[in-house]
Amino acid sequence: MARISSSSCCWVLMMMVVLLGSCSAQLSNENFYAKKCPNVFKAIRSVVKSAVAKEPRMAASLLRLHFHDCFVNGCDGSVLLDDTSSFKGEKTALPNNNSLRGFEVIDAIKAKVESVCPGVVSCADILAITARDSVLLLGGPNWNVKLGRRDSKTASLAAANSGVIPAPTATLSQLISKFQAVGLSARDMTALSGAHTIGKARCTIYRNRIYNDTNIDRTFANARKKNCPRITGTPKDNNVAPLDFKTPNHFDNSYYSNLLSKKGLLHSDQELFNGGSTDSLVRTYTNNQKAFFADFATAMIKMGNIKPLTGSQGIIRRNCRRAN
């Protein structure tokens, strides 16, 4: 029998430590808080349900918070941090300023969760659970949220402004590239874009689309122009239009059928069906809502696993707006 050298034994032990360490960095299933905070889902759902009942658009806003959080340095709750004397956070970054909303709802959720199990549930996990509940409350798919994220102690304005968040003016190749940069495929991107079946966009975001794009239904464009004049710098810049004009308060596959008829509100929306590689998938989702729901749920789980802080990394914030 061959003898194993002491150096070989050391190498094997080191590899076991590395492998065990990498495994512990993975997110856990929905039982993560079963012992320490068994009522976390009930607490979160109650606040989300109340907020969405009051304003259905809030579901899209809460979903978007999770998206913008994960695309900037991973799903670490950094998007929720207010500016401090030591750093400028992500809230005033170009993709977020006067655009992201729902922070007060997250505050209310965190306060509710802290009242039942203080110092246990991270803000990053709250964002992930809230995104799922928001989709579900408007008729969308359900999925098991992976848990165990911890919160960052800081945020970066520069990182949020670096172009990692896909722009509403993006081309298809740019969209695919931005999503691939965080480990998401073109299929994931196309499915996640379906989140635009709910929510609204400001005139400043879609103005160029309705006045200058050629791959747009003229009747649809003219209807949007009534609420969004060509002239800029007026209060009408903040007028909003639904991203899905058919069923703006219901999570379904109407977004994709809108694209088939050239009625995508954003330039980046219509890019998904404009003679490119995602055309066939848009047709599939238009004809098969179950396929869209399944792919959307899969992509949300993948997105929620972008570079999370786990184990002893990061902290559990008691107030999502600031480090403890």
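Look a little higher up for the structure.
Keep in mind it's a predicted model, so treat the numbers as computed, not measured.

(A) Region of the structure containing the packing of helix H7 (residues 172-180) against helix H8 (residues 186-193). For the pair H7 and H8, the least separation of the axes is 9 Å and the interaxial angle reads 105°. One element, H7, and the other, H8, form an angle in the roughly perpendicular class. Between H7, through Leu172, Leu175, Ile176 and Phe179, and H8, the contact on the second element is made entirely by Ala186, Met189 and Leu192. For the contact of H7 with H8, the per-class residue count stands at 7 nonpolar, no polar and no charged.

(B) Local environment of the nonpolar core. Ile109, Val121, Phe296 and Met303 are the most contacted members of the largest nonpolar core, which totals 76 residues. Sorting elements by how many residues they give to this core places helix H3 (residues 57-71) first, with 9 residues. With sequence-adjacent residues up to four places away left out, isoleucine 109 is seen in contact with Ile44, Val47, Val48, Ile126 and Thr130. Ile216, Phe220, Ala241 and Leu243 belong to the second-largest nonpolar core, a separate cluster that totals 13 residues.

(C) Structural context of the packing of aromatic side chains. For the coordinates displayed, the defined rule picks out 15 aromatic pairs. Considering the side-chain rings of phenylalanine 67 and phenylalanine 71, the 4.5 Å spacing of their centres and the 35° angle between planes classify their relative orientation as tilted. Within this pair, phenylalanine 67 and its partner phenylalanine 71 are both found in helix H3, separated by 4 residues, close to a single helical turn. Seen from their ring centres, phenylalanine 251 and phenylalanine 293 are 6.1 Å apart, and the 50° between their planes marks the pair as tilted. One end of the pair, phenylalanine 251, is in the loop between strand S2 (240-242) and helix H11 (254-260); the other, phenylalanine 293, is in helix H14 (residues 289-303), with 42 residues separating them in the sequence. The exposure classification of phenylalanine 251 matches that of phenylalanine 293, with both residues buried. Through successive ring pairs, a cluster of aromatic residues spans Trp143, Phe251, Tyr255, Tyr256, Tyr285, Phe292, Phe293 and Phe296. Positioned over the ring face of phenylalanine 103 is lysine 91, at 4.4 Å from the centre of the ring.

(D) Structural view of the pattern of salt bridges. Summed over the entire model, instances satisfying the criterion amount to 14 salt bridges. Between glutamate 30 and arginine 132 there is a salt bridge; the shortest N-O distance is 2.9 Å. With a gap of 102 residues between them, glutamate 30 in the loop between helix H1 (6-24) and helix H2 (40-54) and arginine 132 in helix H5 (residues 123-137) connect regions that are remote in the sequence. Here glutamate 30 falls in the partly exposed class, since its relative accessible area comes to 21%. Using a relative accessible area of 5% as the deciding quantity, one classes arginine 132 as buried. A salt bridge links aspartate 133 to arginine 132; the nearest nitrogen and oxygen atoms lie 2.8 Å apart. You'll find aspartate 133 and arginine 132 in the same group, each marked buried. Salt bridges sharing partners connect three or more residues here, namely Glu30, Arg45, Arg132 and Asp133.

Criteria and cut-off values
Residues numbered from 1 in each chain as written. Predicted model: local features only at pLDDT ≥ 70, side-chain atom pairs only at ≥ 80, totals over all residues. Heavy atoms only, no water. Axes fitted to C-alpha atoms, helices over the stretch in contact; angles between N-to-C directions. Helix = DSSP H or I, 4+ residues; strand = E, 2+ residues; numbered from the N terminus. Parallel < 35°, antiparallel > 145°, perpendicular 65-115°, else oblique. Contact = heavy atoms within 4.5 Å. Nonpolar A, V, L, I, M, F, W, Y, C, P; charged D, E, K, R; others polar. Core = buried A, V, L, I, M, F, W, Y, C linked by side-chain atoms within 4.5 Å. Buried < 20%, exposed > 50% of the residue type's maximum accessible area, 1.4 Å probe, protein only. Phe/Tyr/Trp six-rings, centres within 6.5 Å; stacked < 30°, edge-to-face > 60°. Lys NZ or Arg CZ within 6 Å of the ring centre and 35° of its normal. Salt bridge = Lys/Arg side-chain N within 4 Å of Asp/Glu carboxyl O.

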